[in-house]
Amino acid sequence: MKVLDYLRARLAEGKVHMSLLDPDKMTPAEAGEVAFRATLAGSDAIMVGGSTGVTPEKTDATVKAIKDRTRVPVILFPAGAHALSRYADAVYFMSVLNSRNVRMIVGEQKKAARAVKAWGLEAIPMGYLIVEPGMRVAEVGEAQPIPRDDPEEAVRYALTAQFLGMQFVYLEAGSGAPESVPVEMVAAVKREIAIPLIVGGGIRTPEAARRIARAGADVVVTGTVIEQDQGRLQAIVDAVKGL
Ligand code: 1GP
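Everything in this summary refers to the structure shown in the same document.

**Structural notes on the nonpolar core**
In step 1: Residues M18, Y92 and L171 are the most contacted members of the largest nonpolar core, which totals 84 residues.
In step 2: Contacts of M18, omitting those with residues within four sequence positions, involve L7, S43, A45, M47, I75, Y92, V219, V220, V221 and T222.

Set out below in structure tokens:
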């Protein structure tokens, strides 16, 4: 089954949780172990990516180790064409729509396109929107972060993603952000778009995950919290799924 079909089937049943693992922050063996525990907790897919320090070798080793330990799809979440692996199940073919640099909007994607085709990697088109504070990814992505008090700007970008044919919109506050994307912004975007909404960055408690899901996120992503506290992950996944 294609990963997109799997995700659609999951979304038809309810909210989805994804775990983000950064190949630069853990060894492949650790990533395999964390992924195993994440899927045990009910996480629906494993995303692999990070803003800095990621190489093709690290990505390959991390993806292979994760695939050895779990059966859920492994989806690349690449910071650029250097962060791909033929061993993944799919790649978010993502564009930082609010970047100031055309390289992040379409350049890295062009660089990656031949390899994605040659490997038969499933490409899932996604519009990536960086919201304040944006943290490291806002710098690397050279984004003009969407102001936290301007949900309408997020809606305009999200509709743009939809009209460009993208299958998902991703609102990103940045890994380790002190606060997640504001719930008002999540709700405003969800009200207007017809494609699924992914929200991540700074979600580290079950309460925060529940608020974001209730506000309208179809997919909630957590990264840092599973690197630091695997015990809390179960509570977060349960909160996303309304259990
Ligand atoms: C995924 O960048 C996030 O969208 C991950 O953020 O590390 O803060 O969970 P955290």
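**Digging into the site of the ligand**
In step 1: Looking at the ligand, the residues that line it are L20, Y170, E172, S175, G176, G200, G201, G202, V221, T222, G223 and T224.
In step 2: Contact distances for the ligand include 2.4 Å between an oxygen atom and a side-chain N or O atom of T224.
In step 3: Alone, the ligand offers 310 Å² of accessible surface; in the complex the protein occludes 97% of this.
In step 4: Mapped by element, the contributors of at least two residues to the shell around the ligand are β6 (168-172) and β8 (219-222).

**Describing the sheet that holds strand β5 (residues 122-130)**
What holds strands together in a sheet is hydrogen bonding between their backbones, with the strands either parallel or antiparallel.
In step 1: A barrel is described by the order of its strands in space; here eight strands give the closed sequence β1-β2-β3-β4-β5-β6-β7-β8, paired in parallel fashion. The mean inter-strand angle of the sheet, taken between neighbouring strand axes irrespective of direction, is 30°.
In step 2: Relative to β8, strand β7 (residues 197-200) runs parallel, the two sharing three bridges. If you follow I198 over to β8, its bridge partner there is V219.
In step 3: Of the strands in this sheet, β5 and β6 touch helix α6 (residues 151-163), which is tilted by about 165° from β5.

**Topic: the environment of A45**
In step 1: Along the polypeptide, A45 turns up in strand β2 (residues 45-48).
In step 2: Look at A45 and you get buried, because its relative accessible area is 0%.
In step 3: Distance in space between the C-alpha atoms of A45 and V16 is 8.6 Å, their sequence separation being 29 residues.
In step 4: With residues up to four places along the chain from it excluded, the contact list for A45 reads H17, M18, S19, V72, P73 and I75.

**Let's talk about the pattern of salt bridges**
Pairing between side chains of opposite charge can happen when the charged atoms of each approach one another.
In step 1: Under the definition given, this model contains 14 salt bridges.
In step 2: Here E153 and R156 are joined by a salt bridge, their closest N and O atoms 2.8 Å apart. Separated by three residues within a single helix, E153 and R156 lie in helix α6, roughly one turn from each other.
In step 3: The network of salt bridges with shared partners includes R103, E108, K111 and E142.

**A word on the pairing of β7**
In step 1: Burial along β7 is two-sided: the face carrying L197 and V199 and the face carrying I198 and G200 are both buried.
In step 2: Pairing of β6 with β7, which is carried by four bridges, proceeds in the parallel orientation. Paired with V169 across the bridge in β7 is L197.
In step 3: The parallel pair β7 and β8 is bridged by helix α8 (residues 206-215), and the resulting crossover is right-handed.

What counts as what
Residues numbered from 1 in each chain as written. Predicted model: local features only at pLDDT ≥ 70, side-chain atom pairs only at ≥ 80, totals over all residues. Heavy atoms only, no water. Core = buried A, V, L, I, M, F, W, Y, C linked by side-chain atoms within 4.5 Å. Buried < 20%, exposed > 50% of the residue type's maximum accessible area, 1.4 Å probe, protein only. Contact = heavy atoms within 4.5 Å. Near = heavy atom within 4 Å. Polar contact = N/O pair within 3.5 Å; in protein donor to acceptor, adjacent residues only side chain to side chain. Areas by Shrake-Rupley, 256 points an atom, 1.4 Å probe, with all protein chains shown as cover. Helix = DSSP H or I, 4+ residues; strand = E, 2+ residues; numbered from the N terminus. Pairing = 2+ DSSP bridges. Axes fitted to C-alpha atoms, helices over the stretch in contact; angles between N-to-C directions. Salt bridge = Lys/Arg side-chain N within 4 Å of Asp/Glu carboxyl O. Right-handed = clockwise from strand over helix to strand, strands pointing away.

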